[in-house]
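Reading the structure
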Amino acid sequence: MLKNRKLLLTALVFLGSSLIQVLAMNAFLVPNNVFSGGFNGVAQLLSLFGQQAFHVSLPTGIFILLFNIPVGIIGWKLIGGKFTALSFANAIFVSLLLIFVPIDPLTTDPLLSALFGDLLIGVSIGLAMRYGFSTGGMDIVAMVVQKRTGKSIGALMNVINFAIVLIAGSFIGWQNALFTLIGIYATGRAIDALYTGYQKLTALIVTTKGEAVAEALHKDLIRGITILPSKGAYTKRESETLMMVISRYELFEMQEIVHQTDPKAFVNLVNTVNVSGEFLDADRQLQMKRAAAVPKVDTIEAQIEAEEQLKSQLEEVDKQQH
């Protein structure tokens, strides 16, 4: 039941974030020559350059599509996973919508277009990231670089956005270019407001079914849980208090699991300023879930085989040295 609800919610967010992005591009940014950041902004510049230099009118969606196809394929081959698949699908879907949905400006004021357009772009990205995917483009590139090198491409993103502003200023005038700068800032603020996966919460769960609730939570959330004996001051009823630290994006899932297992459970949430010690990120959680799904006998056999291979390799090294 919970998985079906999560699937439905993800599908609705996928559709909603796509439509919001198309609205931002075709109703605010593209018709007023105000630019977004990242691949979308580069695609807008190429579309404008084609019109002015070669008198060829190609929709922005075509360039976004051309960017995202190779990026998505490379991302899938290098890191795979649900994030890459959904991000790639979202980028392709948005690109096609941008091609076929007509451009119809809701305002001709470039400042309003920059604020509302890029604010909607930020809402689209923030919603997508909150539910486990992105809008594609540079997000997939960032994920590949982070997975392969452990480094961030924040500096590269800043360079791209700065170049977009400079080129836009040369093409259409510095007023719109500066409005673009304001819009990119609005995008960042909207993403920060919606994507709160980096924020931590401490959940205090008071229940009379401590073991059952802890077991249910561990099936979906790979988080440490401390069980504390407790007692109601008024009812004098014995209970247990489960304490766990979660990321904010896990809040919905945690509450659903707790209330399905014990509808009378009392859940208190406290903002967590800092966590010291091992706090598993999403990738490490996924690895542990996959390991837990493997039968024990297979895991032991794989471990024995790995140890035998290591032993033979060490013996071969010793022979070469002597």
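This write-up is about the structure you can find in this document. Throughout this document, residue positions are counted from 1 along each chain, in the order its sequence is written. In keeping with the model being predicted, local features are shown solely for residues with a pLDDT of at least 70 and side-chain atom pairs are shown and tallied solely at 80 or more, while totals for entire chains, interfaces and linings include all residues. Only hydrogens and water are set aside; all other atoms, that is, all heavy atoms of the structure, feed into the side-chain values.

1. Structural notes on the sheet that holds strand 2 (residues 226-231)
Formally: The criterion for strand pairing is that DSSP finds at least two bridges linking the strands in question. Every helix listed is a DSSP run of H or I at least four residues long, and every strand listed is a run of E at least two residues long, numbered separately from the N terminus. Here the axes come from fitting lines to C-alpha atoms, over the contacting stretch only for helices, and the angles between their N-to-C directions go from 0 to 180 degrees. Should any heavy atoms of two residues lie within 4.5 Å, those residues are counted as being in contact.
Overall, antiparallel pairing links the four strands, which are arranged 2-3-1-4 in an open sheet. Pairing within the sheet leaves two strands with one partner each, and these edge strands are strand 2 and strand 4 (266-272). Going from strand to strand, the sheet's axes swing by 25° on average, the running direction of each strand aside. Of the strand pairs in this sheet, strand 1 (residues 200-207) and strand 4 are connected by seven bridges, and their pairing is antiparallel. For leucine 201, the partnering residue across the bridge sits in strand 4 and is asparagine 271. Along the sheet, helix 9 (residues 210-220) makes contact with strand 1, strand 2 and strand 3 (238-247), crossing strand 3 at roughly 20°. Relative to the sheet, helix 10 (residues 251-261) contacts strand 1, strand 3 and strand 4, its axis offset from that of strand 4 by approximately 160°.

2. Some words on a nonpolar patch on the surface
Under the convention used in this document: Patch rule: a residue counts if its relative accessible area is over 30% and it has no salt bridge; like charges are joined within 9 Å, and nonpolar side chains (Val, Leu, Ile, Met, Phe, Trp, Tyr) within 5 Å. Here the open area of atoms and residues is found with the Shrake-Rupley method and a 1.4 Å probe, where only the protein chains shown may cover a residue. By convention in these notes, a salt bridge is any Lys or Arg side-chain nitrogen within 4 Å of a carboxyl oxygen on Asp or Glu. Buried, partly exposed and exposed residues are distinguished by accessible area as a fraction of the type maximum, computed with a 1.4 Å probe on protein chains only: under 20%, between the cut-offs, and over 50%, respectively.
On the surface, Leu111, Leu112, Leu115, Phe116 and Ile182 cluster together to form a nonpolar patch covering roughly 390 Å² of accessible area. With four residues, the top contributor of residues to the nonpolar patch is helix 5 (residues 110-130). Using a relative accessible area of 34% as the deciding quantity, one classes leucine 115 as partly exposed.

3. What about the packing of aromatic side chains?
Heads up, the condition is: Only Phe, Tyr and Trp rings take part, Trp by its six-membered ring, and two of them pair if their centres are within 6.5 Å. Stacked means planes under 30 degrees apart, edge-to-face means over 60, and tilted covers everything else.
Considering all chains together, one arrives at five aromatic pairs under this definition. On the numbers, 6.1 Å between centres and 20° between planes, the contact of phenylalanine 28 with phenylalanine 116 is stacked. Residue phenylalanine 28 is located in helix 1 (residues 2-29), and its partner phenylalanine 116 is located in helix 5; the two are separated by 88 residues in the primary sequence. Classification of phenylalanine 28 as buried rests on a relative accessible area of 9%. Judged by its relative accessible area of 45%, phenylalanine 116 is partly exposed. Ring centres of phenylalanine 49 and phenylalanine 54 lie 5.8 Å apart, and the angle between their planes is 80°; this geometry places the pair in the edge-to-face category. Its relative accessible area of 38% is what places phenylalanine 49 among the partly exposed residues.

4. Some details on unusual backbone geometry
For residues besides glycine, phi is generally negative; the peptide bonds are generally trans as well. In the Ramachandran plot, asparagine 33 falls in the positive-phi region, its phi being about 55° despite a non-glycine side chain. The exposure class assigned to asparagine 33 is partly exposed, which follows from its relative accessible area of 29%. If you check the backbone angles, histidine 55 has positive phi at about 55° while not being a glycine. Checked against the element boundaries, histidine 55 lands in the loop between helix 2 (38-54) and helix 3 (60-78).

5. Re the pairing of strand 2
Looking down a regular strand, the side chains alternate between one sheet face and the other. Of the pairings in the sheet, the one linking strand 2 to strand 3 comprises six bridges and is antiparallel in character. The residue bridging leucine 228 from the neighbouring strand is threonine 241, located in strand 3. Here strand 2 hands over to strand 3 after six residues, with lysine 236 in that stretch at a positive phi of 65°.

6. Overview of the pairing of strand 3
Here eight bridges tie strand 1 to strand 3, and the two strands are oriented antiparallel to one another. Bridge pairing links valine 206 to threonine 241 in strand 3.

7. Some thoughts on the side chain of asparagine 26
Mapped onto the elements of the fold, asparagine 26 is located in helix 1. Of the residues examined, asparagine 26 reaches a relative accessible area of 6% and is grouped as buried. If we skip the residues at most four places from it in the chain, asparagine 26 touches Pro31, Leu98, Val101, Pro102, Ile103, Asp104 and Pro105.

8. Let's talk about the environment of phenylalanine 279
Position of phenylalanine 279 relative to the elements: it lies in the loop between strand 4 and helix 11 (282-293). For the pair phenylalanine 279 and glycine 224, spaced 55 residues apart in the sequence, the C-alpha separation amounts to 8.7 Å. When residues no more than four places from it in sequence are discounted, the contact partners of phenylalanine 279 are Lys200, Arg223, Val245, Ile246 and Ser247.

9. Let's talk about the side chain of threonine 84
By the element assignment, threonine 84 lies in helix 4 (residues 81-100). Residues in contact with threonine 84, not counting those within four places in the same chain, are Gly72, Gly75, Trp76 and Ile79.

10. Points about helix 9
Put simply, the rule reads: The directions from the helix axis to the C-beta atoms form the arc being described.
For helix 9, every residue scored as buried is listed here: Gly210, Val213, Ala214, Ala216 and Leu217. Angularly, the buried residues of helix 9 cover 165° about the axis, an arc narrow enough to put them on a single face. Among the exposed residues of helix 9, those oriented more than 90 degrees off its buried face are Glu211, Glu215 and Lys219.

11. Digging into the environment of arginine 189
Mapped onto the fold, arginine 189 is located in helix 8 (residues 174-194). Arginine 189 sits in the exposed class, given a relative accessible area of 51%. A sequence separation of 66 residues divides arginine 189 from valine 123, and the C-alpha atoms of the two residues are 9.3 Å apart.

These results come straight from atomic positions and should not be treated as a statement about function.
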